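Chain by chain, the residues:
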Amino acid sequence: MESKTAPSCRLLFCLLISAAVLRPGLGLYTVNSAYGDTIIMPCRLDVPQNLMFGKWKYEKPDGSPVFIAFRSSTKKSVQYDDVPEYKDRLSLSENYTLSISNARISDEKRFVCMLVTEDNVFEAPTIVKVFKQPSKPEIVNKALFLETEQLKKLGDCISKDSYPDGNITWYRSGKVLQPLEGAVVINFRKQMDPVTQLYTMTSSLEYKTTKADIQMPFTCSVIYYGPTGQKTVHSEQAIFDIYYPTEQVTIQVLPPKNAIKEGDNITLKCIGNGNPPPEEFLFYLPGQPEGIRSSNTYILTDVRRNATGDYKCSLIDKKSMIASTTITVHYLDLSLNPSGEVTKQIGDALPVSCTISASRNATVVWMKDNIRLRSSPSFSSLHYQDAGNYVCETALQEVEGLKKSESLTLIVEGKPQIKMTKKTDPSGLSKTIICHVEGFPKPAIQWTITGSGSVINQTEESPYINGRYYSKIIISPEENVTLTCTAENQLERTVNSLNVSANENKEKVNDQAKLIVGIVVGLLLAALVAGVVYWLYIKKSKSASKHVNKDLGNMEENKKLEENNHKTEA
């Protein structure tokens, strides 16, 4: 049976306690326990045969004992002394092993197991050590940014609830930072909670950064001791924005400066390589010594060729840090002479020139009626086929959208020119008369018979191509005639005539016609005679057939009579 109150000191125990001896061969024994775990302390003494009871005590800093547990060897009962800090936390086993639950920092003491006999007291001391793992270190109070060549506080590394206290180490990109005068300053401090007796460690880092620290991770760690030895816990990485002054200025041109043409808008952009980058600059235009204050961009609208030149920009507070670029505004001029609609006479000369003025070499292409020409046109003596729509096109291949073109509509006019030809058909029955006409605008053709003035309307015309076409008629004159071809346009009326003789084979043709008629009539008469003969033949054949049939009938009757006579005789 257990009791919460220990008995009063018996006389024998009180006399012997002063004479207690440490069992030879037993030195100091240490039990390591984690904070919150159960502390288990074996007695480490052999239980004697004449044991009366066993007790546990701990020693105060002044050496005075505080008894906390008692167990009788005979009654097997356990009694715990009224010690507030160990209330409901103790457990004493039959082999006198003492257990303390929910280990605290205050449990770090020198505990002693005592086995008492009638004539002696034996002791075995145990030292208790309690360890508490600190929280994961965290970098707090971080600087919003760091500036190069300036010693500035980077942040605080803090780790809480440690026992015993630990140590904090700073790292840059995984390498330990050691204090360095004027560059790395580390201040470490610790604070113990008077209630829990746990430590909070804080380490402040002041750091003089450089551009090499851009995107470099900073971390910290806490090194502490646990029941099994030394351990380390690391914080999360922290990356800081590094501010540094501008060391170089560059200027950009949009669109790309090799493709700028007249009429474009140009954007100049000035960039400083500092962090943060400068927000304002001075822009210098060609021929203007004074800079124009602006943001990091300056816009030129509807530029002309005279905008070609050097453009610069600089820092406002450091004009010696300057950048420049050369801009060429590309242009393209085309002059076609003559141009528009031009009317010339056939046989005239017409010089044509297409003059190009450009910021660089340009390509020139000539087109006629949407067909590309191999070379530029040149007219020393105009022909009707030279008429058409001519276009001179030019472009700068490297500059998108920069091209020009002008057109020339050439009209070649001419008075009508006539040439007449005739051709007799091989049979000699007809003649083909052709009136070849050349001229522009297209002449109208009219055929007439001289003398009678009759107009011939049944004609055949060819297509009108390159100022030329013809009109054709086919006639069979019975007498000599004169045909007149008239061609007329807005410029002039031209007339030409051609004598055509009558057909020489006229009588021969008539005789041939009479012969054909005679042959046809002869053939018709012969067919008529043949028809009559055939009819008579058919008629005669039908009469003969009737007589034959009658004779055959008489022969059959005679035969039947003979047969009947033979039967009678038999």
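The structure under discussion appears in the preceding block.
Residues numbered from 1 in each chain as written. Predicted model: local features only at pLDDT ≥ 70, side-chain atom pairs only at ≥ 80, totals over all residues. Heavy atoms only, no water.

1. Some thoughts on the pairing of strand β10 (residues 121-131)
Counting buried residues in β10 gives 10 out of 11 residues, a clear majority hidden from the surface. Bridge count for strand β2 (residues 29-34) against β10 is six bridges, and the pairing is parallel. Bridging from a neighbouring strand, N32 pairs with K129 of β10. The sheet contact formed by strand β9 (residues 110-117) and β10 spans seven bridges and is antiparallel. Note that in β10 the partner of M114 across the bridge is E123. Taking the residues that link successive antiparallel strands as the turn, the β9-β10 hairpin has three residues. (Buried < 20%, exposed > 50% of the residue type's maximum accessible area, 1.4 Å probe, protein only. Helix = DSSP H or I, 4+ residues; strand = E, 2+ residues; numbered from the N terminus. Pairing = 2+ DSSP bridges.)

2. Description of the pattern of salt bridges
Applying the stated rule across the entire model yields 20 salt bridges. Among the ionic pairs, R305 bridges to D333, the shortest N-O distance being 3.0 Å. You can see R305 sitting in the loop between β26 (297-300) and β27 (309-315) and its partner D333 sitting in strand β29 (residues 332-337), a full 28 residues away along the chain. Here R468 ties to E438 by a salt bridge, and the two come within 2.4 Å at their closest N and O atoms. Taken together, the residues span a long stretch of sequence, with R468 in strand β40 (residues 468-475) and E438 in strand β36 (residues 431-440) at a distance of 30 residues. With relative accessibility at 51%, the residue R468 sits in the exposed group. Salt bridges sharing common partners tie together E262, R305 and D333. (Salt bridge = Lys/Arg side-chain N within 4 Å of Asp/Glu carboxyl O.)

3. Here's the deal with the sheet that holds strand β13 (residues 151-162)
Whenever strands of a sheet pair, they do so through backbone hydrogen bonds, lying parallel or antiparallel. With antiparallel pairing, the four strands of this open sheet are ordered in space as β11-β13-β17-β16. Strands at the two margins of the open sheet, each flanked by one partner only, are β11 (138-140) and β16 (184-192). The mean angle between the axes of side-by-side strands here comes to 25°, regardless of whether they run parallel or antiparallel. (Axes fitted to C-alpha atoms, helices over the stretch in contact; angles between N-to-C directions.)

4. Quick look at the state of the cysteines
Working definition: the covalent bond between the sulfur atoms of two cysteines is a disulfide. A full pass over the atoms with the stated rule returns five disulfides. The disulfide bridge from C157 ends at C220, spanning 2.0 Å between sulfur atoms. With the S-S bond torsion at 75°, the cross-link from C157 to C220 turns out right-handed. On the criterion of sequence distance, the pair formed by C157 in strand β13 and C220 in strand β18 (residues 217-226) is long-range, its members being 63 residues apart. Exposure remark for C157: the relative accessible area of 0% places this residue in the buried category. On the accessibility criterion, C220 (0% relative accessible area) is buried. At a sulfur-sulfur separation of 1.9 Å, the disulfide partner of C270 is C313. Every disulfide takes its handedness from the sign of the S-S torsion; for C270 and C313 that torsion is 75°, giving right-handed. (Disulfide = S-S within 2.5 Å.)

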